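Remarks on the overall topology
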There are 2 protein chains.
Amino acid sequence: MCESTVYLIDKNGKESLFFELVDKIVPDQNTVYLEDILGQKKSIQARIKELALVDHRIVLEEIGE
Amino acid sequence: MCESTVYLIDKNGKESLFFELVDKIVPDQNTVYLEDILGQKKSIQARIKELALVDHRIVLEEIGE
């Protein structure tokens, strides 16, 4: 299975684990909508910073006010 | 391996295959930078529309002027 782990860089530049086993990601305006392989959903005010699919690693960057 | 196939929806709304065996993707402003597992690179004026990782499917949407 090719689900990925999503990490979030917060407004202070600190990276932490945000969501595991992620299957679907849809960015829309300033929000990123995510769904894991079990159908659990999360969304966050962020943008996609980078994807490294072979490493199963996705990094989001939180959008500050 | 968890590389994905990247499809592009062009300015006329038509979807076609853009790049296969993609490992890394970095969106920056209106450009998406991609690299496949062999290190070949492409970039395009587009935004990420959706990722479906378990299906190895990524869709970009071309940005028109």
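Structure shown above.
The following refers to the structure shown.

Conventions we followed
- Residues numbered from 1 in each chain as written.
- Chains lettered and ligands numbered in written order.
- Predicted model: local features only at pLDDT ≥ 70, side-chain atom pairs only at ≥ 80, totals over all residues.
- Heavy atoms only, no water.
- Least-squares fit on C-alpha atoms with pLDDT ≥ 70 in both.
- Contact = heavy atoms within 4.5 Å.
- Disulfide = S-S within 2.5 Å.
- Helix = DSSP H or I, 4+ residues; strand = E, 2+ residues; numbered from the N terminus.
- Buried < 20%, exposed > 50% of the residue type's maximum accessible area, 1.4 Å probe, protein only.

Let us now look at the relation of the copies chain B and chain A. Turning one copy of the chain about an axis and sliding it along that axis gives the other copy, so a rotation and a shift relate them. It takes a turn of 180° to lay chain B on chain A, together with a shift of 0.0 Å along the axis; the resulting RMSD is 0.0 Å. Classification of the inter-copy transformation places it as that of a two-fold axis. Of the C-alpha atoms belonging to chain B, the one lying closest to the rotation axis is found on B:Cys2, 2.6 Å away. The fraction of interface residues of chain B whose copies in chain A are also interface residues reaches 100%, indicating that both copies meet through the same surface.

The next point concerns the state of the cysteines. Evaluated as defined, the whole model comprises one disulfide over all chains. Put simply, A:Cys2 and B:Cys2 are joined by a disulfide, and their sulfur atoms are 2.1 Å apart. Taking the sign of the S-S torsion, -80° for the link of A:Cys2 and B:Cys2, the bridge is left-handed. With A:Cys2 in the segment before β1 (4-9) and B:Cys2 in the segment before β1 (4-9), the pair connects residues from two separate chains. Neither residue differs from the other here; A:Cys2 and B:Cys2 are each classed as buried.

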